[in-house]
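Each chain is listed here by its residues.
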There are 4 protein chains.
Amino acid sequence: VDREIEELCRAVRLIVMDVDGVLTDGSIELTSGGAGLGALPTESKTFNVKDGLAIRWARRVGVETAFLTSRSSGAVERRAEELSVTRLVTGASDKAPALLALCQELGVAPAEVAYLGDDLPDLAPMRLAGLAIAVADAAPEVREVAHWVTDAPGGRGAAREAIEAILRTQGRWQRVVDHHMTEEPDEWRD
Amino acid sequence: VDREIEELCRAVRLIVMDVDGVLTDGSIELTSGGAGLGALPTESKTFNVKDGLAIRWARRVGVETAFLTSRSSGAVERRAEELSVTRLVTGASDKAPALLALCQELGVAPAEVAYLGDDLPDLAPMRLAGLAIAVADAAPEVREVAHWVTDAPGGRGAAREAIEAILRTQGRWQRVVDHHMTEEPDEWRD
Amino acid sequence: VDREIEELCRAVRLIVMDVDGVLTDGSIELTSGGAGLGALPTESKTFNVKDGLAIRWARRVGVETAFLTSRSSGAVERRAEELSVTRLVTGASDKAPALLALCQELGVAPAEVAYLGDDLPDLAPMRLAGLAIAVADAAPEVREVAHWVTDAPGGRGAAREAIEAILRTQGRWQRVVDHHMTEEPDEWRD
Amino acid sequence: VDREIEELCRAVRLIVMDVDGVLTDGSIELTSGGAGLGALPTESKTFNVKDGLAIRWARRVGVETAFLTSRSSGAVERRAEELSVTRLVTGASDKAPALLALCQELGVAPAEVAYLGDDLPDLAPMRLAGLAIAVADAAPEVREVAHWVTDAPGGRGAAREAIEAILRTQGRWQRVVDHHMTEEPDEWRD
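Here is what the cut-offs are and how they apply
Residues numbered from 1 in each chain as written. Chains lettered and ligands numbered in written order. Predicted model: local features only at pLDDT ≥ 70, side-chain atom pairs only at ≥ 80, totals over all residues. Heavy atoms only, no water. Helix = DSSP H or I, 4+ residues; strand = E, 2+ residues; numbered from the N terminus. Rg over C-alpha atoms; globule rule 2.2 N^0.38 Å. Buried < 20%, exposed > 50% of the residue type's maximum accessible area, 1.4 Å probe, protein only. Contact = heavy atoms within 4.5 Å. Buried area = accessible area lost by both parts, 1.4 Å probe. Salt bridge = Lys/Arg side-chain N within 4 Å of Asp/Glu carboxyl O. Least-squares fit on C-alpha atoms with pLDDT ≥ 70 in both. Polar contact = N/O pair within 3.5 Å; in protein donor to acceptor, adjacent residues only side chain to side chain. Nonpolar A, V, L, I, M, F, W, Y, C, P; charged D, E, K, R; others polar. Pairing = 2+ DSSP bridges. Phe/Tyr/Trp six-rings, centres within 6.5 Å; stacked < 30°, edge-to-face > 60°. Axes fitted to C-alpha atoms, helices over the stretch in contact; angles between N-to-C directions. Parallel < 35°, antiparallel > 145°, perpendicular 65-115°, else oblique. Left-handed = near helix turned anticlockwise from the far one by under 90°. Right-handed = clockwise from strand over helix to strand, strands pointing away. Core = buried A, V, L, I, M, F, W, Y, C linked by side-chain atoms within 4.5 Å.

Student: Which parts of the structure should I look at to understand the overall build of chain A?
Tutor: Looking only at helices and strands, chain A features eight helices and eight strands. At 17 Å, chain A has a C-alpha radius of gyration in line with the 16 Å of a compact globule built from 190 residues. In terms of its C-alpha atoms, chain A occupies a principal-axis envelope of roughly 55 × 45 × 30 Å. Relative to its 190 residues, chain A shows a buried fraction of 60%.

Structure representation (structure tokens):
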């Protein structure tokens, strides 16, 4: 992470993440069959435990988080809940106005937002955000508008890498590490 | 994509895709156990979100799409439906006549078809199609009859790569990108 | 595949495959929760479509096939059934005597068996088989006793590679390819 | 594995493993939908068959094993049970005191413990253990406090590699191999 990116990282108060392709590797698993002929197919998404810990820690040390997705699924709802994400926005068919509404609601300026995206629907919100981050395997057009491209691909550590970089430049990551170095019981449940 | 392939791409009006090994990485996940001893095993397939967006966009900008598979599964039906695929052909034990029937139904000549395949059952329909595309990890015999082999393997971006190349040579991809660059709400739901 | 291996391939009349780590990548997926507190966890295995086609084709052109596993699961039963495997042997806590019993039942000499394995429980049956094949990511002890090690790891084409090599040296693979090159409808359902 | 590590391996009487990211690749799969609108989402974890065999063999040849995780899930319970793990500790929000309690219960000194971890919550218990092992894809802070870093990443053989190294330096691995070389039926069920 170079100087200019560090500057942008320092301003971040809210980290907004697309879900499919960013918090997952883009896989959408559909299952059919099973108990009874009338059973509905189910949909699965695969999240990453290291991403999840970083998302939880971010809020602990004072940076808000949000998931912003055009789809809706119970899996995403459950993940947002177990990670205590500040806001979950689903069914956002157009993500730019959804991002602006989210900023207004949380009292955060778009310039204070880091947005992580991977594909064309993320282009418009990335152009609004103060820090636009593309995952390693994002579409070329998305990598091009991004201020920074992570080394890790979506679902395999991209969110962890981005959050860690932001918290580091803000001097907050060391608090997270120090917290885990101590051997005393405490209230942070990982 | 070289000149000759561009020429073939330009003629494409219908993109026909095999499912297992092309829209998926060839994994077939079977699950047993669960609710009740008499529960039937379920079958899962894992699709890719970037492939899915490209399939939806293709139709939006005027290129028809179809899935052609010898298997049948609720998972494929659901995927075809959520992507608004023009036609879903399942249970096609012999794919060449199935492709010809599909062409006739849609009023498209075989020379105007791009066919994406990965294994021996795709050989016959690939020899009929105007543009035969093999995924990177297709069987050697399939790569040999193909006009073009994608860089991405099945289920990990091969369909996206093929569709994007076709739309690009037809000048339609820029319309997709432009659409996403604007910040105005619109009717394209991704 | 060098000369000596070709010689061993030529004698093969029965291909016996371990399941976990050979027909799968060794992943065992366990699921909990879901419908009702008393719901039993389910177990999933992920098979490969290209392996599956080769297993079916082997029998079509005259080579018997069997799965031999120390575990038991509905997923394996279903997979064996849909691929028309000659025999499925599950719950074989000791695989060497199980292999000998299988040979006797099918009237095949151990010297006519190709055995695909990946871990220590496969050592004893591999020492009995005429052609012992280890998958690329087998345990070192297993690779050492094997006559041949595939290029592909388990669950990602190892079985396909082994079966194709055997059928090729026996002159049977071309029959499979020729069958798929023709455009006439036929009775082989893939 | 160099001399100093061999020395530490020799003292090990108990191998304690974190679950997510160590016995799995860190993937947490959530599923929604399916039978009935009120159905709860399910959670899946993917374990590795080679890790599992090594965990079972360790106890057979006299080394105790334990899983220590801050989460709770039926999938982990089932895995611990089918591998006959000595102890399963779940819901351990603070892992250092949980490790000390486990040692006391089993009559093992912390210096006789090998601990396998991957992320910050493992830092405190790793500092207590006689042999601290990080998986290849552990967080940098974790790799730094570890005595040894495996070549394999979590869920793809890291536990197998660690257990095998420990048993080898203790002269116990050969017993495992010898056991599998014999063709006689026996009581070890893999």
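Student: Sorry, what's going on with the interface of chain C and chain B here?
Tutor: Think of interface size as the accessible area that goes away when the parts come together; that is how it is often given. With 36 residues of chain C at the contact, the number on the chain B side is 34 residues. Of the roughly 2,900 Å² buried at the junction of chain C and chain B (both faces included), carbon and sulfur atoms supply 52%. At the junction of chain C and chain B, the tally comes to five salt bridges. Ionic pairing is found between Arg71 of chain B and Glu82 of chain C, a salt bridge with its closest N-O pair at 3.6 Å.

Student: What exactly am I supposed to notice about the relation of the copies chain C and chain B here?
Tutor: The relation between the two copies of this chain is a rotation about an axis and a shift parallel to it. Between chain C and chain B, the superposition needs a rotation of 90 degrees and an axial shift of 0.0 Å, giving an RMSD of 0.0 Å. The superposition operator between the copies reduces to a four-fold rotation axis. A share of only 11% of interface residues in chain C that are also interface residues in chain B marks the association as one of differing surfaces.

Student: Just to check I follow, could you spell out the interface of chain D and chain A for this structure?
Tutor: Counting residues at the interface gives 34 residues for chain D and 36 residues for chain A. Around 2,900 Å² of area is buried between chain D and chain A when both sides are counted, 51% of it from carbon and sulfur atoms. The largest share of the area that chain D buries against chain A comes from Leu30, Ser32 and Leu120 of chain D, three residues that together contribute 19% of it. Joining chain D to chain A, the criterion identifies five salt bridges. For Arg160 of chain A, the salt bridge identified is with Asp119 of chain D, shortest N-O distance 2.7 Å. Taken together, the links from chain D to chain A amount to 14 residue pairs in polar contact (both at pLDDT 80 or more). Mapped onto the side of chain D that touches chain A, the elements with two or more residues apiece are β2 (27–33), β3 (42–48), α4 (95–106), α5 (123–128) and α6 (140–145) of chain D. Per element, the largest residue contribution to the side of chain D that touches chain A is seven residues, and it comes from β2 of chain D. Here the residues of the side of chain D that touches chain A sort into 13 nonpolar, eleven polar and ten charged.

Student: It is not clear to me how the sheet that holds strand β1 (residues 14–17) of chain B should be interpreted in this structure. Could you clarify?
Tutor: Sheet strands line up and pair through hydrogen bonds in the backbone, either parallel or antiparallel. Residue and element names in this part refer to chain B. With parallel pairing, the six strands of this open sheet are ordered in space as β5-β4-β1-β6-β7-β8. At either end of the open sheet lies a strand with only one pairing partner, and these are β5 (87–89) and β8 (148–149). With three bridges connecting them, strand β4 (residues 64–68) and β5 associate as parallel partners. Directly across from Ala66, in β5, lies its bridge partner Arg87.

Student: In this structure, what is going on with the packing of aromatic side chains? I would like to understand it.
Tutor: Two descriptors summarise a pair of aromatic rings, namely the distance from one centre to the other and the angle between the planes of the rings. All names here are of chain A. Throughout the structure, instances matching the rule amount to four aromatic pairs over all chains. Ring centres 5.9 Å apart and planes at 65 degrees place the aromatic pair Trp57 and Trp173 in the edge-to-face group. A residue pair is termed long-range when its members are at least 10 positions apart, and Trp57 in helix α2 (residues 49–60) and Trp173 in helix α8 (residues 173–181) qualify at 116 residues. Overall, Trp57 belongs to the buried group, its relative accessible area being 1%.

Student: Help me out: how do you make sense of the packing of helix α2 (residues 49–60) of chain D against helix α7 (residues 158–169) of chain D in this one?
Tutor: When two helices pack together, their arrangement is given by the angle between the helix axes and by the axis-to-axis distance. Residues and elements named next belong to chain D. Relative to each other, α2 and α7 sit at 30 degrees, their axes nearing to 7 Å. When the axes of α2 and α7 are compared, the pair comes out roughly parallel. Viewed along their axes, α2 and α7 form a crossing whose handedness is left-handed. Two secondary-structure elements touch here, α2 through Lys50, Asp51, Leu53, Ala54, Ile55, Trp57 and Ala58 and α7 through Ala158, Ala159, Arg160, Ile163 and Leu167. Residue composition of the contact of α2 with α7, by class: nine nonpolar, no polar and three charged.

Student: Can you walk me through the pattern of salt bridges in this structure?
Tutor: Side chains carrying opposite charge are able to pair once their charged atoms draw close together. Going through the model one piece at a time under the given rule, you end up with 80 salt bridges over all chains. Arg87 of chain D is paired through a salt bridge with Glu105 of chain D; the nearest N and O atoms lie 2.5 Å apart. With Arg87 of chain D in strand β5 (residues 87–89) and Glu105 of chain D in helix α4, this residue pair connects regions lying 18 residues apart in the sequence. The exposure class of Glu105 of chain D is partly exposed, given its relative accessible area of 49%. One connected set of salt bridges, linked through shared partners, spans Asp20, Glu43, Lys45 and Arg71 of chain A together with Arg78, Arg79 and Glu82 of chain B.

Student: Just to check I follow, could you spell out the pairing of strand β7 (residues 131–134) of chain B for this structure?
Tutor: As a general feature of sheets, a regular strand has side chains that alternate between the two faces. Residue and element names in this part refer to chain B. Residue alternation in β7 divides its side chains into two sets, Leu131 and Ile133 and Ala132 and Ala134, and both sets are buried. Considered for its hand, the β-α-β crossover made up of strand β6 (residues 113–117), helix α5 (residues 123–128) and β7 is right-handed. Where β7 lies against β8, two bridges are found, and the strand directions are parallel. Looking at β8, one finds that Ala134 is bridged to Val149. Regarding the hand of the β-α-β motif, the stretch spanning β7, helix α6 (residues 140–145) and β8 is right-handed.

Student: Explanation requested: the nonpolar core in the structure shown.
Tutor: Soluble, globular proteins show a tendency: their nonpolar side chains are buried together. Counting 262 residues, the largest nonpolar core has Phe67 of chain A, Phe67 of chain B, Phe67 of chain C together with Phe67 of chain D as the members making the most contacts within it. Not counting chain neighbours up to four residues away, the residues in contact with Phe67 of chain A comprise Met17, Val19, Leu23, Ile55, Val76, Arg79, Ala80, Leu83, Val85, Arg87, Leu88 and Val89 of chain A.

Student: Explain the sheet that holds strand β8 (residues 148–149) of chain D here, please?
Tutor: Residue and element names in this part refer to chain D. In space, the six strands of this open sheet follow the order β5-β4-β1-β6-β7-β8, with parallel pairing throughout. Of all strands in the sheet, those with a lone pairing partner are β5 and β8, marking the two edges. Here α4 sits on the sheet and contacts β1 (14–17), β4 (64–68), β5 and β6 (113–117); the angle it forms with β5, its principal contact strand, is near 155 degrees.

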